[in-house]
Amino acid sequence: MATETEAQKGLEIHPMDQFLIKPVLGDGPLVWYSFSNTAMWMAITLVGVIIFLVVGTRKKSYVPDRFQMVVELIYGFVRNMVQDVAGRDALPFFPYIMTAFMFVIFSNVLGLIPMSFTPTSHIAVTATLALTVFISVTVIGFVKHGLGFLGLFWISSAPLPLRPVLAVIEVMSYFVRPISHSIRLAGNMMAGHAMIKVFAAFAGVMGLGAFVPIIAISAVYGLELLVAFIQAYVFTILTCVYLKDALHPQH
Amino acid sequence: MAAENNVSEQAGIPQLEFSSFPNQILWLVVFLLAIFIVVRMIALPRIGQIVSQREKRIKTDLEDARKLNEKIEGLENSIEETLAEAKRFSEGKAAETRNEILEMQNKALEEAEVTVKAEVAEAEKRIEAIQDEALTNIRAIANEAAVEIVNQIVPKRGILDEISGVVDAKVQGKASE
């Protein structure tokens, strides 16, 4: 009966419904302080980070178990990334970068659980993160170098007549950074989830032929898992690159 | 289901629903700060401590191993020196003992030679004495035999003395040859 109804209605796909932000507690409209589904999944992200970082290192072993080894691996990975990309003098900013990395990676991966929600698929979240990075590195650049930070836009290795033109391009590219930084992450997260939802809708109406979209969902899910890690890495390494420009603006 | 569809139709692109931005930004700031506190106050100091203590332990262990290795090398050198010294000592001692034995052997040989020479000389003297004594006896026997023979053949006294003189002369001549 239900199948007949579906057939009568035709194929209706709502891949964007999964991104709707709704209050979790109560039936009222969404207001700025409502405990929404995005807030709930950010809270779950926080719990995940606590379990990973705090519980994983509770034994403080010289010879680490598997869990502690993974935690130390991630710690070393992010620390080396900061040091290699932005230099040793960027290490004081390591906790901020580690925070961003943990938030993004846990949001991305937890968002792959069926029926869950991905906060990083929303431009508001990623733009806030990217703007925080943008404003922070700009302030750090001016605090460390004063007006010398503007040397970032003046490419002294280029021929003199070209320098003003390049300076305009550099300034534009600098201000585009937070946009590309945020849209890249949100876009990747949104696209993968929407695609999975579209395939799932196909599976719902294809009867026995559903195995084709199910196989496709499995393949895309694997790809999305990879994308979740890669996008967290890309977001973090770009943060390090921007920080490096703030600490060493000379070309 | 119909209500859900209505929501969907109203939704459009939820990411561009600006009315939800304050809510998202509020909770993002709250939970990002919470994660930062966990990372900054608990996780990083703890992991940093574990890693630095491990590095310190590894460094100490490596240093201890290096010292022990040096000690072992020193002991090996000392053992080799002692062995070389013992070898030199034993070789010296062996050479000394060999020389002593050779000296003793030579001395014994010399003593034996002297003794043998003395005994040979004495034996020669004894042989000479025995020879002289034998010769003396032969002369007397020959003299008596000649006298007897002559007495049997010629009973004249004066010839006997002459014969006796000839025999003595012959016997002496033979002895001197």
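Anyway, here's the lowdown on the structure attached to this text.

Reading guide: rules and limits
- Residues numbered from 1 in each chain as written.
- Chains lettered and ligands numbered in written order.
- Predicted model: local features only at pLDDT ≥ 70, side-chain atom pairs only at ≥ 80, totals over all residues.
- Heavy atoms only, no water.
- Helix = DSSP H or I, 4+ residues; strand = E, 2+ residues; numbered from the N terminus.
- Buried < 20%, exposed > 50% of the residue type's maximum accessible area, 1.4 Å probe, protein only.
- Areas by Shrake-Rupley, 256 points an atom, 1.4 Å probe, with all protein chains shown as cover.
- Contact = heavy atoms within 4.5 Å.
- Buried area = accessible area lost by both parts, 1.4 Å probe.
- Salt bridge = Lys/Arg side-chain N within 4 Å of Asp/Glu carboxyl O.
- Polar contact = N/O pair within 3.5 Å; in protein donor to acceptor, adjacent residues only side chain to side chain.
- Core = buried A, V, L, I, M, F, W, Y, C linked by side-chain atoms within 4.5 Å.
- Patch = residues over 30% accessible without salt bridge, like charges linked within 9 Å, V, L, I, M, F, W, Y side chains within 5 Å.
- Lys, Arg positive; Asp, Glu negative; His and termini not counted.
- Charge placed at Lys NZ, Arg CZ, Asp CG, Glu CD.

Observations concerning the overall build of chain B
Reasoning step 1: The helix and strand tally for chain B stands at 3 helices and 0 strands.
Reasoning step 2: The linear arrangement of helices and strands in chain B, starting from the amino end, is α-α-α.
Reasoning step 3: Residues classed as buried in chain B amount to 17% of the 177 residues present.
Reasoning step 4: In the form shown here, chain B has an accessible surface area of approximately 13,800 Å², with 60% of it arising from carbon and sulfur atoms.

Looking at the interface of chain A and chain B
Reasoning step 1: Facing the 49 residues of chain A at the interface are 38 residues of chain B.
Reasoning step 2: Taken as a group, Tyr62, Tyr75 and Thr99 of chain A account for 16% of the area that chain A buries against chain B, more than any other trio of residues on that side.
Reasoning step 3: Summed over the shared surface of chain A and chain B, the number is 1 salt bridge.
Reasoning step 4: One salt bridge connects Glu72 of chain A with Arg54 of chain B, and the closest N-O pair in it is separated by 2.7 Å.
Reasoning step 5: Counting across the chain A and chain B interface gives 12 residue pairs in polar contact (both at pLDDT 80 or more).

Describing the nonpolar core
Side chains of nonpolar character tend, in soluble globular proteins, to be buried together.
Reasoning step 1: Counting 62 residues, the largest nonpolar core has Leu53, Met98, Met102, Phe103 and Leu243 of chain A as the members making the most contacts within it.
Reasoning step 2: At the level of elements, helix H2 (37-55), helix H3 (66-86), helix H4 (94-110), helix H5 (123-145), helix H6 (163-205) and helix H7 (211-247) of chain A together with helix H2 (21-153) of chain B are the ones that each hand at least two residues to this core.
Reasoning step 3: Residues in contact with Leu243 of chain A, not counting those within four places in the same chain, are Ala86, Ala90, Phe93, Ile97, Val137 and Ile140 of chain A.
Reasoning step 4: Counting residues in hydrophobic clusters, the runner-up holds 5 residues, among them Ile123, Ala127 and Ala186 of chain A together with Phe21 of chain B.

What to know about a negative patch on the surface
Reasoning step 1: On the surface, a cluster of negative charge is contributed by Glu73, Glu76, Glu80, Glu81 and Glu85 of chain B.
Reasoning step 2: Position of Glu81 of chain B relative to the elements: it lies in helix H2.

Scope: geometric values only; no functional claims are made or implied.
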